[in-house]
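Listed below are the residues making up each chain.
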Amino acid sequence: MKQTTQFSVVLSGGGLKGLAHIGVFRALEESGLTPDLVVGSSMGSLIAAAWASGMSAAEMESRALKVERRHVFKVAHRDMALRRMQSPAVYRREPLETLISSIVGQRTLGDIQRPLLVNTVDLGSGRQVVWGPGSESNDVALADVVFASCALPGIFPPREIKGRQYVDGAIVENLPVRVAAAAAPWPIIAVNVAATSVEREGGELEGFAATYIRGLEVVMQTQIEAGLRHWTGPPLVLLQPQVAHVSMFAFDRTPELLEAGYRATRDALDALGGRLDRIDQAPHPRWPPPNELPIRPSTVFAVLPSEPKTAAEPKTAA
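Residues numbered from 1 in each chain as written. Predicted model: local features only at pLDDT ≥ 70, side-chain atom pairs only at ≥ 80, totals over all residues. Heavy atoms only, no water.

## Comments concerning the packing of helix 1 (residues 20–30) against helix 2 (residues 43–52)
Our working definition: For helices, the fitted line uses only the C-alpha atoms of the stretch in contact; every axis is such a line through C-alpha atoms, and the angle between N-to-C directions lies from 0 to 180 degrees. Where helices and strands are cited, they refer to DSSP runs of H or I of at least four residues and of E of at least two residues respectively, numbered from the N terminus. Each helix crossing is assigned a hand: it is left-handed if the near helix lies turned anticlockwise from the far helix by less than a right angle, otherwise right-handed if that turn is clockwise. We call two residues in contact whenever any of their non-hydrogen atoms come within 4.5 Å of each other. Residue polarity is assigned by list, with Asp, Glu, Lys and Arg as charged and Ala, Val, Leu, Ile, Met, Phe, Trp, Tyr, Cys and Pro as nonpolar; anything else, Gly included, falls into the polar class.
Running from N to C, helix 1 and helix 2 cross one another at 35°; their axes reach a closest spacing of 9 Å. Judged by the twist between their axes, the crossing of helix 1 over helix 2 is right-handed. For the pair formed by helix 1 and helix 2, the contact residues are His21, Ile22 and Phe25 on the first element and Gly44, Ile47 and Trp51 on the second. Among the residues forming the contact of helix 1 with helix 2, the class breakdown is four nonpolar, two polar and no charged.

This is how it looks when you write it as structure tokens:
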């Protein structure tokens, strides 16, 4: 497939469901398509950083299939016992730190060869801060900004960078399409794995972590719907791989997640005929039904119409 235009890829957060993003890269690679910019939040930032570090989709898949719960989560028993409500988080930072470092190594933002933006939030000011290569951030460790982007408040501790505390950018913009629109005018492929169309029950709602995570799922989906309902940025393809039935931290569904991301992307590219320069017009004019919102948790593939770019620029650490 011939690449006919520059394009950006935006990857949402969604816990382990973000492994579906690897399937997105596999489909793009098979089609001979290379993003000119990748923007990530939370788990999306880790997959984006792996790509920006030169890792192929096959390498990412191999690594993903080996990830176990112990590689991410270790309860901070000591902090919670001694510091109680002063404990910074439920889980310790070390396992996630080790996992991220094993993927991106010791690279700084100035070392990466592929265009990347990582979405975070300054915990003190509440402002969205986007990290990428630039004169003032070239010396910042890529692992640090990715950890910050994955640091769900209360679940993982914040990450200090240049004297400020940063957390998961998903709490402001889980699918950071505004960031992509502010950075470049070309079409956007946005991948949302945070859909909440399946009702949770039983053990999926038991305990603090499960209840908290379910609340985040609902908030993130509502946030994404609100941000895209009246989209006026560049032409945008929304992909929602069928992963809503998978919980955010299911470590036994990795093959399914990888395939879901691949299939959603493959189907969208087939529908578009590979011509991303033509996505200002929906390939299925009758979709969605006129009485329904264009964005629904059950949506697999949608094309939002193009209008003049009006996206507000977030603060950028550059």
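## Regarding the side chain of Ser41
Cut-off, in case you're wondering: Two N or O atoms count as a polar contact when they lie within 3.5 Å, although within protein this holds only if one can serve as hydrogen donor and the other as acceptor, and sequence-adjacent residues are included solely when both atoms are side-chain atoms.
Checked against the element boundaries, Ser41 lands in strand 2 (residues 37–41). Within the structure, Ser41 has its side chain in polar contact with the backbone oxygen of Glu173 (distance 3.2 Å). Among all residues touching Ser41, those that are not within four sequence positions of it are Leu11, Ser12, Gly13, Asn119, Ser149, Gly169, Ala170, Glu173, Asn174 and Pro176.

## Some details on the pattern of salt bridges
The cut-off we apply is this: Any Lys or Arg side-chain nitrogen found within 4 Å of a carboxyl oxygen on Asp or Glu counts as a salt bridge. Only protein chains enter the accessibility calculation, which uses a 1.4 Å probe. A residue is then buried if its area is under 20% of the maximum for its type, exposed if over 50%, and partly exposed in between.
Evaluated as defined, the whole model comprises 11 salt bridges. Notably, a salt bridge pairs Arg159 with Glu97, separated by 2.4 Å at the nearest N-O pair. Note that Arg159 is positioned in strand 5 (residues 159–161) and Glu97 in helix 5 (residues 94–104), a separation of 62 residues in sequence. Residue class for Arg159 comes out buried when judged on its relative accessible area of 11%.

## Notes on the pairing of strand 3 (residues 116–122)
Counted only if it meets this: Strands pair, by our definition, only if DSSP identifies at least two bridges between them.
Burial within strand 3 is extensive, with seven of its seven residues counted as buried. Pairing analysis gives four bridges linking strand 2 to strand 3, with the strands arranged parallel. Note on strand 3: the bridge partner recorded for Ser41 is Asn119. Once strand 3 ends, the chain turns through five residues before running back antiparallel as strand 4 (residues 128–131), passing Gly126 with a positive phi of about 80°. By the bridge criterion, three bridges tie strand 3 to strand 6 (residues 164–168) in an arrangement that is antiparallel. Looking at strand 6, one finds that Asp122 is bridged to Tyr166.

Nothing here speaks to function; it is geometry throughout.
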